[in-house]
Amino acid sequence: MKTGMRIVMKMPGKRLITLVAICLLPFLFSGQLLAQSQRLYVTEGQIEPIPVAIADFTGLDGLPSDVGRQIAQIISDDLVSSGLFLSIDSAAFIAPPASPDIRPNFADWTPLGAKGLLIGSAFLDNDGALQVEFALWDVISQRSITEGGGSADPAGLRRIAHQIADFVYEEFTGDTGYFDTQIVYVSESGPQNRRVKRLAFMDQDGHNHKFLTTGNDLVLTPRFSPTANEIAYLNYFNDEPNVYLLDVVTGRTERLGSFPGMTFAPRFGPDGTKLIMSLAEDGRTDIYEMELATQTITQLTRSASIDTSPSYSPDGKYIVFNSDRGGSQQLYTMRADGTAVRRISFGDGRYATPVWSPRGDIIAFTKMYRGEFFIGVMNIDGSGERLLARGFLVEAPTWAPNGRVLMYFKQQPVSDTGEGGETHLYRIDITGFNERRVITPADASDPAWSPLLR
Amino acid sequence: MIKRILTLVAATALLAACETASTTDSSATSSSATTATSGTSTATSTATSTTATAAEAETPAEMMKREFTKVGTTILFDFDSSQISDYARTVLDRQAAFLKAQPEARIILGGHADERGTREYNLALGERRAAAARDYLVAKGVNSARIRIISYGKERPAAVGSNEAAWRLNRRAESVLN
């Protein structure tokens, strides 16, 4: 799945070049929103997107090739989808270089306002392999930023394009890219009271979509392992809800252990050897850690309350979770051994589904307040709460591997006759800007973002 | 076979005794009220006019399920609560009486939540509700081995609709004969 698709940079990028100008402008919505929810506000960033020119990749004849056009389009779509880039219309290009080896005539590009220029070649060689080269230029300083290339099976075209888009993203933003990633989620169909739910899998841009389960059994809350080769999820096989493991490569599924109660809410530890989950028995739900190699479990919380939705910090030393031990649903952190429990959410409303950012510095969550749902982030000590998205029902944030973008699902209200209830995936920049729907073939919920695949 | 039929007759007799209670209760509240009321009316007509056909069409197991439905299978909960209400007690009392009269019957107790909570928390809440109902039945003398609990969280609403009327009916524990 991952062999022969690696694009290599010939020249290490100069990360210092940071053309991005992001002004974070958290502000209060005036009027209506403020009146409705009083102290609540939703942050919205303002971002000046970086204009880049992406030329169609050329074939051996120096003219745009079919595969070259596809690659340029994918790169352009990726960058634009981040909200941080603007792709200059290629109709304005005067004479793109016929190959990435040729130094561009910058006088052709400066007037277009381009800050970056991506030139590339892409063609199928005699063996049917896709050969790709690219060069990224800084139009302002007229210097090469990075260049690279590689070859792959033509089926790997989209991944190659995503990897190049990641390089461009990284050079201009200073953040790690996230375009060469996948999403596992729950595809939904059927009436609201008998929903058919299937695990589905796709590239982060919605392509290469496939179903992983048939829909015979109810499945919920899939989560990727740190290698993206395994998915832990809740499966109602035989009407016995339990955490299962699905091997993405072989398609094999395995029930994780056998316990008197129900196991759910799984999440992998950062090194992939452990998993945390909830075990509900006799009306109490506690958090357990499982050693995957031996499937032995260790109990981490012991309260009569509901302790669920645990998520490790990226270094694996801490766990954030959701508990109603204080009377209402709030967020707590503890050491990974279950000691030093500390409540971190103190705002109005109920807090749920905490997920630690891959950067380690903030925690995303779902908040319920006055009949509305919100997606927000807070610092790991609970300070600095910012709400990013809101709706009748928004839930289940998941982080892009660079900690810069969140995906979640949004469900519309249903009428008594069963109309409405549309459920879709959305993603948003953590500045609260650029909320976009992620297109799926059917209704979609419970997204989980893979780590970076390369 | 003969023994089965005999116990079923006994169950019907027992239920007939309960029905007076359930109809008076049902006017007071709830979704289970709907089930109980309709159950009562069909019960009388079935008993008199269509006994023969019903007996032919139904297996003993189906018949027992139908009888169990008349007892009242659903209890409701307040928002984010697993407290058994006074009315829910009367329903569970009838379930306990049925189960004691049918020593071979086993039930699956499904716990549910409305859509106004997050998925994982609602799975835990559904489990807590089912466990609360089970504990009540066990306290009334039903062997816990005859009850299996399962939580569906917000996955299987009884009523469709994003409004309090539907949510109220979805915060429930539902007993089904196994």
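Just so you know, these numbers come straight off a predicted model, no measurement behind them.

1. Here we look at the overall build of chain A
- When helices and strands are counted, chain A shows three helices and 32 strands.
- When each of the 454 residues of chain A is scored for burial, the buried share is 49%.
- Expressed as a percentage of contacts within chain A between residues at least 6 apart in sequence, the contacts between residues at least 24 apart total 49%.

2. What to know about the packing of helix H2 (residues 66-81) of chain A against helix H3 (residues 157-173) of chain A
All names here are of chain A.
- It is at 8 Å that the axes of H2 and H3 come closest, and there the two elements cross at 45°. In terms of axis orientation, H2 runs oblique to H3. Where H2 crosses over H3, the two elements pack in a sense that is right-handed. Contacts from Val67, Gln70, Ile71, Ile74, Ile75, Asp78 and Leu79 of H2 reach H3 at Leu157, Arg158, Ile160, Ala161, His162, Ile164, Ala165, Val168 and Tyr169.

3. Some remarks on the interface of chain B and chain A
- Counting residues at the interface gives 21 residues for chain B and 33 residues for chain A.
- Within the residue set of the side of chain B that touches chain A, elements represented by two or more residues are helix H6 (119-139) and strand E3 (147-153) of chain B.
- By residue number, the principal contributor to the side of chain B that touches chain A is H6(B), which donates ten residues.
- Residues that form the side of chain B that touches chain A fall into these classes: nine nonpolar, five polar and seven charged.

4. Notes on the confidence of the model for chain A
- Here chain A averages 90 in pLDDT, while 90% of its residues score no lower than 70.
- Of the regions scoring below 50 in pLDDT, residues 11-40 of chain A engages in 40 contacts with residues more than four places distant in sequence or in other chains.

5. Examining helix H5 (residues 86-101) of chain B
- End to end, H5(B) covers 23 Å across 16 residues, agreeing with the expected 22 Å (1.5 Å per residue, within 8%).
- Every buried residue of H5(B) is accounted for by B:Ala88, B:Thr90, B:Val91, B:Leu92, B:Arg94, B:Gln95, B:Phe98 and B:Leu99.

6. Brief notes about the sheet that holds strand E14 (residues 242-247) of chain A
Residues and elements named next belong to chain A.
- Taking strand neighbours across the sheet as the criterion, the four strands line up as E12-E13-E14-E15 in an open arrangement whose pairing is antiparallel. At either end of the open sheet lies a strand with only one pairing partner, and these are strand E12 (219-224) and strand E15 (253-255). Neighbour-to-neighbour, the strand axes of this sheet turn through a mean angle of 25°, independent of strand direction.
- Sheet analysis places E14 next to E15, joined by three bridges and oriented antiparallel. Across the sheet, Tyr244 pairs through a bridge with Arg255, a residue of E15.

Reading guide: rules and limits
- Residues numbered from 1 in each chain as written.
- Chains lettered and ligands numbered in written order.
- Predicted model: local features only at pLDDT ≥ 70, side-chain atom pairs only at ≥ 80, totals over all residues.
- Helix = DSSP H or I, 4+ residues; strand = E, 2+ residues; numbered from the N terminus.
- Buried ≥ 20, exposed ≤ 12 C-beta atoms within 10 Å, placed from the backbone.
- Contact = placed C-beta atoms within 7 Å.
- Axes fitted to C-alpha atoms, helices over the stretch in contact; angles between N-to-C directions.
- Parallel < 35°, antiparallel > 145°, perpendicular 65-115°, else oblique.
- Left-handed = near helix turned anticlockwise from the far one by under 90°.
- Nonpolar A, V, L, I, M, F, W, Y, C, P; charged D, E, K, R; others polar.
- pLDDT = per-residue confidence, 0-100.
- Expected span 1.5 Å × (residues − 1).
- Pairing = 2+ DSSP bridges.

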